[in-house]
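The chain contents come next:
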Amino acid sequence: MKKLLILPLLFAAIIVQAQSNDLSVIRSVADNILSEHSYNIVDKKTGKVYADSKNLPAGGDFAFQSKYLEWRYVDGVLNMAMLDLFKQTGDEKYKDFVLKNYRFIFDNSAFIRKEYEKGIRNPAYYRFAAMKSLDDCGAMTAGLIGAVQYDSRADYKAYIDRVGDYILHKEGRRADGTLSRGSEGHKIVWLDDLYMSVSFLSQMGDYSKNSEYLDFAAKQVILFSNLLYDPITGLYFHCYYDYLKEPGVAHWGRANGWSIYAQAYLLDVLPENHPLRPQLLQIFRRQILDFSRYQSQSGLWHQLLDKNDSYPETSCSAMFAYAVAKGVNRGWLDKEFGSIALRAWEGIVKQVSDKGEVSGICIGTGISHDLVFYYTRPTPLNDAHGLGAIIQAGLEINKMKNS
């Protein structure tokens, strides 16, 4: 009888230990970021470090000392992930990271705009002033919506409203309304832009309670799916050349990851009675079924999803794991799908060092007619393009194991 009682206790202990290990991995990634982070501006000409923009010398060539402070979409993803980590652990340092990041940008906004008006296009921060593409504003302002709920600054709210107007009314689009890049006669639809738009639209719809944002996001999911879904492979093309009336050549992993990542964000806040919800769930489930066929034995997916000779890629694997685990946790998918996410997480954990540094993340990648371009994209250690997704994937995996 004692043995029978001990077995359930051992099983429960193993589950608790696994969950603890998951959070330990997530926190190691986040804590490594914090250890490398600072709130300084560096004059690259002299090497002198400044705490803010008030006393910067004229004619300097400036950079932020930390890449995690920059106004880039990857840092928007990271900010959202850090807020999620705070909510699940209660550790204030993750929330403080986000709030301080946004405060630094907005407190130095006059300097940033002045630089931009002088024609300086500093990659660390010019997009804050530019707002000429979804990359400039979508994901970073989605994170800002999370921050404003803890730090209710008027300038934050004004910027959020400005971004909402830009995406709904000013961002480029095809004749059918699909968001696109490029000038008239040279328009291209990038699959990445489903995330760059919907990450903001879903958060904005939930924050503002204005259904126009969620309606617009739902329509974009359908439009992108109609245009970029490849019925032969079941995958999505990286892009569609509107002026050529044909898709690109690559089923790039992270673009497919951005797509399903965005859909999970939207479904999480879309009302149950929304008229497009059944169609969106159908698209979500179909995409997960289709990309699950390409998962490798390691649990990871490849840089080019249908090319097994391309390298295993960590960021798309994290995005897929997040979407599947989220789907199981929210009841959009049967629990049997959870094994896909668990296998992926096993592979992702092996890419994380004891210091919390992550390998196998593809750098930022444009579009190309050349498949070799995708094959040969570098994967520098701890590239920021996958860090937020890994944190969010791990949190959803941990929830799934707890349920």
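None of the values given here were measured: they were computed from a predicted structure.

Asks: Go over the overall build of the protein chain, please, and point to the residues and values.
Replies: For the protein chain, the helix and strand inventory stands at 15 helices and 10 strands. Against the compact-globule benchmark of 22 Å for 403 residues, the protein chain has a radius of gyration of 21 Å, which places it among compact chains. Counting the 403 residues in the protein chain, one finds 57% classified as buried. Contacts spanning at least 24 positions in sequence make up 69% of the contacts within the protein chain whose residues lie at least 6 apart. Considering the protein chain, the positive charge centre built from 46 side chains and the negative charge centre built from 46 side chains are found 3 Å apart.

Asks: Describe the environment of R343, with residues and values.
Replies: One can find R343 in helix α13 (residues 338-349). For R343, the contacting residues outside a window of four places in its chain are Q295, S298 and G299.

Asks: How would you explain helix α2 (residues 73-89) if you had to name every residue and give the values?
Replies: Taking 1.5 Å per residue, 17 residues should reach 24 Å; α2 reaches 24 Å between its end C-alpha atoms and fits that length. Counting buried positions along α2 gives 13 out of 17 residues, so the element sits mostly inside the fold. Positive phi shows up at G90, right after α2, with a value of about 75°.

Asks: How would you summarise the sheet that holds strand β7 (residues 239-241) if you had to cite specific residues and measurements?
Replies: Here 3 strands make up an open sheet; going across it, the order is β4-β7-β8 and the pairing antiparallel. In this open sheet, the two strands that pair with only one neighbour each are β4 (188-190) and β8 (246-247). Bridge count for β4 against β7 is 3 bridges, and the pairing is antiparallel. Note on β7: the bridge partner recorded for W190 is C239. Strands β4 and β7 of the sheet are contacted by helix α9 (residues 211-228), whose axis makes an angle of about 110° with β4.

Asks: Tell me about the packing of aromatic side chains, and name the residues and values.
Replies: For the structure shown, the criterion picks out 31 aromatic pairs. Look at W252 and Y374: their rings are 6.3 Å apart centre to centre, the planes differ by 50°, and that puts the pair in the tilted class. Here W252 is found in the loop between β8 and α10 (253-269), whereas its partner Y374 is found in helix α14 (residues 371-375), with 122 residues between them in sequence. Comparing W252 with Y374, the two get one shared label, buried. Pairwise contacts between aromatic rings join Y39, F62, F64, F104, F111 and Y125 into one cluster. Sitting over the face of the ring of Y229, R286 holds its NZ or CZ atom 3.6 Å from the ring centroid.

Asks: Report on the confidence of the model for the protein chain, specifying residues and quantitative values.
Replies: In the predicted model, the protein chain carries a mean pLDDT of 95, and 95% of its residues have values of at least 70. Taken as a whole, residues 9-16 scores under 50 in pLDDT and shows 1 contact with residues more than four places along the chain or in a different chain.

Asks: Describe in detail the nonpolar core, supporting the description with residues and values.
Replies: Soluble, globular proteins show a tendency: their nonpolar side chains are buried together. In terms of nonpolar packing, the biggest core is built from 135 residues, with M82, Y195, F200 and I391 touching the most fellow members. Excluding its chain neighbours within four sequence positions, the residues that come into contact with M82 are A30, I33, L34, Y94, F97, V98 and I391.

Asks: Explain the packing of helix α11 (residues 277-292) against helix α12 (residues 314-330) to me, and be specific about the residues and the numbers.
Replies: Two numbers describe how α11 lies on α12: the axes approach to 11 Å, and their chain directions differ by 130°. When the interaxial angle is binned, α11 and α12 end up oblique. Read as a crossing pair, α11 and α12 show a hand that is left-handed. On the side of α11, the interface is formed by F284, I288 and F291, while α12 contributes F320, A323, V324 and G327. Along the lines of polarity and charge, the residues of the contact of α11 with α12 split into 6 nonpolar, 1 polar and no charged.

Reading guide: rules and limits
- Residues numbered from 1 in each chain as written.
- Predicted model: local features only at pLDDT ≥ 70, side-chain atom pairs only at ≥ 80, totals over all residues.
- Heavy atoms only, no water.
- Helix = DSSP H or I, 4+ residues; strand = E, 2+ residues; numbered from the N terminus.
- Rg over C-alpha atoms; globule rule 2.2 N^0.38 Å.
- Buried < 20%, exposed > 50% of the residue type's maximum accessible area, 1.4 Å probe, protein only.
- Contact = heavy atoms within 4.5 Å.
- Lys, Arg positive; Asp, Glu negative; His and termini not counted.
- Charge placed at Lys NZ, Arg CZ, Asp CG, Glu CD.
- Expected span 1.5 Å × (residues − 1).
- Pairing = 2+ DSSP bridges.
- Axes fitted to C-alpha atoms, helices over the stretch in contact; angles between N-to-C directions.
- Phe/Tyr/Trp six-rings, centres within 6.5 Å; stacked < 30°, edge-to-face > 60°.
- Lys NZ or Arg CZ within 6 Å of the ring centre and 35° of its normal.
- pLDDT = per-residue confidence, 0-100.
- Core = buried A, V, L, I, M, F, W, Y, C linked by side-chain atoms within 4.5 Å.
- Parallel < 35°, antiparallel > 145°, perpendicular 65-115°, else oblique.
- Left-handed = near helix turned anticlockwise from the far one by under 90°.
- Nonpolar A, V, L, I, M, F, W, Y, C, P; charged D, E, K, R; others polar.

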